[in-house]
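So you can see what is in the structure, the chains are spelled out below.
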Amino acid sequence: MKICNKCNTECADDMLFCIECGEKFETEAVNTEKAAENVNTVTSSETMGFMEATKVFFKKYVDFNGRASRAEYWWSYLACAIIGFVAGFTILLAPIAVLGLLIPSYAAMVRRLHDTGKSGWWAALGFIGLGIVPLIMCILEGEPGANKYGEKPAK
């Protein structure tokens with residue numbers, strides 16, 4: 001088990017990112033003593049993969065605080081699209097999937113907007129038919145370093 005230096009969450013050894021906060025683990029093996037000493041460093045050369053991003057997406061189901069990296073947001077966006085596409089083949093699952101993914105999708109968008117330095121209220125434009133505006137904002141690169149919404153997320 002790996003222990004995250006940022007939030008002290010235990011994660012599986014094969015995880016590259018913490019499932020709680022999205023912090024990146026070192027690429028070499030991490031032992032619990034080293035993690036407890038807070039020796040790990042984050043390297044920004046690798047990005048979060050599909051599985052890690054999806055796990056973080058569902059772990060932060062209704063968390064509208066903090067920041068989300070581009071990789072985290074767009075991989076979770078793809079996961080929602082795949083779930084919606086598959087659920088669309090059945091009359092019963094389609095509305096359940098839409099309702100089940102609506103809040104976490106907006107939460108991820110709000111966190112992504114926070115990473116770009118924008119207010120999460122920009123996501124509300126989606127409710128009046130202008131959803132393309134915050135979606136384009138989610139493409140922008142996040143602010144370097146910390147901003148008023150928190151520390152820079154792991155890639």
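Above this text sits the structure in question.
All values reported here derive from a predicted model rather than from experimental measurement. (Residues numbered from 1 in each chain as written. Predicted model: local features only at pLDDT ≥ 70, side-chain atom pairs only at ≥ 80, totals over all residues. Heavy atoms only, no water.)

A short note on the layout of surface pockets
Picture a little ball the size of a water molecule; that probe, rolled over the atoms, points out where space is still empty.
So, step 1. Estimated volume of the largest pocket: approximately 450 Å³.
So, step 2. Around the largest pocket, the lining comprises 23 residues; the ones closest to its centre are Y77, C80, L101, L102 and S105.
So, step 3. Secondary-structure elements contributing two or more residues to the lining of the largest pocket are α3 (70–87), α4 (93–115) and α5 (132–137).
So, step 4. It is α4 that contributes the most residues to the lining of the largest pocket, nine residues altogether.
So, step 5. For the lining of the largest pocket, the per-class residue count stands at 17 nonpolar, six polar and no charged. (1 Å grid on protein atoms, 1.4 Å probe; cavity = no way out; pocket = protein on both sides within 12 Å on 5 of 7 lines; lining within 4 Å. Points joined across faces, edges and corners; volume = space filled by probe spheres on them. Helix = DSSP H or I, 4+ residues; strand = E, 2+ residues; numbered from the N terminus. Nonpolar A, V, L, I, M, F, W, Y, C, P; charged D, E, K, R; others polar.)

Quick word on the packing of aromatic side chains
So, step 1. Under the definition given, this model contains seven aromatic pairs.
So, step 2. Between the aromatic rings of F50 and W75, the centroid separation amounts to 5.7 Å while the plane-to-plane angle is 80°, which identifies the pairing as edge-to-face. Here F50, found in helix α2 (residues 50–59), pairs with W75, found in helix α3; they are 25 residues apart in sequence, far enough to count as distant.
So, step 3. Look at F50 and you get partly exposed, because its relative accessible area is 29%.
So, step 4. Assessed through its relative accessible area of 33%, W75 is described here as partly exposed.
So, step 5. For the pair Y106 and F127, a centre-to-centre distance of 4.8 Å together with 15° between the ring planes defines the contact as stacked. (Phe/Tyr/Trp six-rings, centres within 6.5 Å; stacked < 30°, edge-to-face > 60°. Buried < 20%, exposed > 50% of the residue type's maximum accessible area, 1.4 Å probe, protein only.)

Regarding the environment of C4
So, step 1. The residue C4 is located in the loop between β1 (2–3) and β2 (10–11) in this model.
So, step 2. With 17 residues separating them in the primary sequence, C4 and C21 have C-alpha atoms 8.6 Å apart.
So, step 3. When near neighbours in sequence (up to four residues on either side) are disregarded, C4 contacts T9, C18, C21, E23 and F25. (Contact = heavy atoms within 4.5 Å.)

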